[in-house]
Amino acid sequence: QWEQLVPQGYPKESPLPHDTVLTDDFNRADGELGANWTDDNGDADILANRWDVTTGEAVSRYSGASLSSADHYCQAKFHNEGHHFGPAVRKNASATLTYYLAAVQPANVLYRQYKRITGNYTQLQESELSPAMASFDTLKESANGSTLQMYRNGTQVGTNLTDTAITGNLQGALVGATSDIAADDFEEGDLAAVAGPPVGSLAMMGVGR
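Residues numbered from 1 in each chain as written. Predicted model: local features only at pLDDT ≥ 70, side-chain atom pairs only at ≥ 80, totals over all residues. Heavy atoms only, no water.

A. Region of interest: the overall build of the protein chain. Scanning the protein chain from N- to C-terminus turns up 0 helices and 16 strands. Across the 209 residues that make up the protein chain, the buried fraction comes to 47%. The contacts of the protein chain with a sequence gap of at least 6 include a subset with a gap of at least 24, amounting to 61%. (Helix = DSSP H or I, 4+ residues; strand = E, 2+ residues; numbered from the N terminus. Buried < 20%, exposed > 50% of the residue type's maximum accessible area, 1.4 Å probe, protein only. Contact = heavy atoms within 4.5 Å.)

Okay, structure coming up:
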């Protein structure tokens with residue numbers, strides 16, 4: 001128990017929660033994503049210092065470490081092409097395709113949020129794609145308890161959602177549905193975490209690429 005580590009005469013203040021932020025700028029040689037990543041569906045590689053989808057669909061999970069809480073966010077800068085792409089939160093630490101997704105669909109001029117459970121998508125929200133998505137705008141998905149939120153460049157898209165279907169999972173992912181999708185500057189973190197270091201390093205000590 002932590003209380004036993006506090007010397008006599010000092011207040012018994014509980015320790016602060018461990019908050020984690022993980023980042024990847026993909027600035028390395030073309031080829032496989034690296035040891036911290038697992039393609040749970042399809043394939044994505046490093047191309048021109050970016051995450052790049054090479055198949056019809058790719059779900060790339062950051063598997064090198066888990067976050068500290070199910071209340072977390074995931075974000076990246078996405079290239080504005082293709083049909084269906086975005087960051088995912090509460091991804092389970094396996095090949096099972098279960099997560100919440102903030103998705104942009106430029107072909108249909110829409111923002112959408114989904115839950116995907118064992119591979120089956122359910123649409124939770126749809127919003128008009130306004131203003132239009134620009135190349136490498138930042139998309140972010142956040143899960144806080146039962147509340148889901150989607151952001152574009154720091155501004156919320158749509159309204160708060162409530163869903164309780166996916167709980168406990170501690171990893172994030174990048175999702176792209178066609179081979180012309182790329183992303184950069186990946187970041188995921190606990191909602192209680194302070195701002196992380198510049199994108200391109202891993203804020204969790206001891207975690208390398």
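Text resumes after the structure shown.
B. Region of the structure containing the environment of Asp185. With respect to the helices and strands, Asp185 occurs in strand E16 (residues 182-190). Each C-alpha atom, one on Asp185 and one on Phe78, is 9.0 Å from the other, the two residues being 107 residues apart in sequence. One polar contact links Asp185 to Lys77, side chain to side chain, over a distance of 3.2 Å. (Polar contact = N/O pair within 3.5 Å; in protein donor to acceptor, adjacent residues only side chain to side chain.)

C. Focus on the sheet that holds strand E8 (residues 85-91). One open sheet accounts for 7 strands, arranged E3-E6-E15-E8-E9-E10-E11; its pairing is antiparallel. Of all the strands in the sheet, just strand E3 (37-41) and strand E11 (120-128) have a single pairing partner and so form its edges. Taking the axes of each pair of neighbouring strands and ignoring which way they run, one obtains an average angle of 25° across the sheet. Bridge analysis of E3 against strand E6 (residues 58-62) gives 4 bridges, and the strand direction is antiparallel. Of the residues in E6, the one forming a bridge with Thr38 is Arg61. (Pairing = 2+ DSSP bridges. Axes fitted to C-alpha atoms, helices over the stretch in contact; angles between N-to-C directions.)

D. Layout of the nonpolar core. Among the nonpolar cores identified, the biggest contains 34 residues, and Trp51, Phe78, Val104, Tyr111 and Leu174 are the most heavily contacted of them. Counting residues in each nonpolar core, the second largest holds 9 residues, with Val59, Ala88, Leu97 and Val175 among its members. (Core = buried A, V, L, I, M, F, W, Y, C linked by side-chain atoms within 4.5 Å.)

E. Region of the structure containing the confidence of the model for the protein chain. Of the residues in the protein chain, 81% reach a pLDDT of 70 or more, and the chain-wide mean stands at 85. Low pLDDT, under 50, characterises residues 10-16; the stretch is placed with 7 contacts to residues that sit more than four places away or in other chains. Below a pLDDT of 50 lies the segment residues 194-209, which in the model reaches 36 contacts outside its immediate sequence neighbourhood of four places, other chains included. (pLDDT = per-residue confidence, 0-100.)

F. Representation of the side chain of Arg61. Here Arg61 lies in strand E6. Polar contacts involving the side chain of Arg61 include one to the side chain of Gln171, which spans 2.8 Å.

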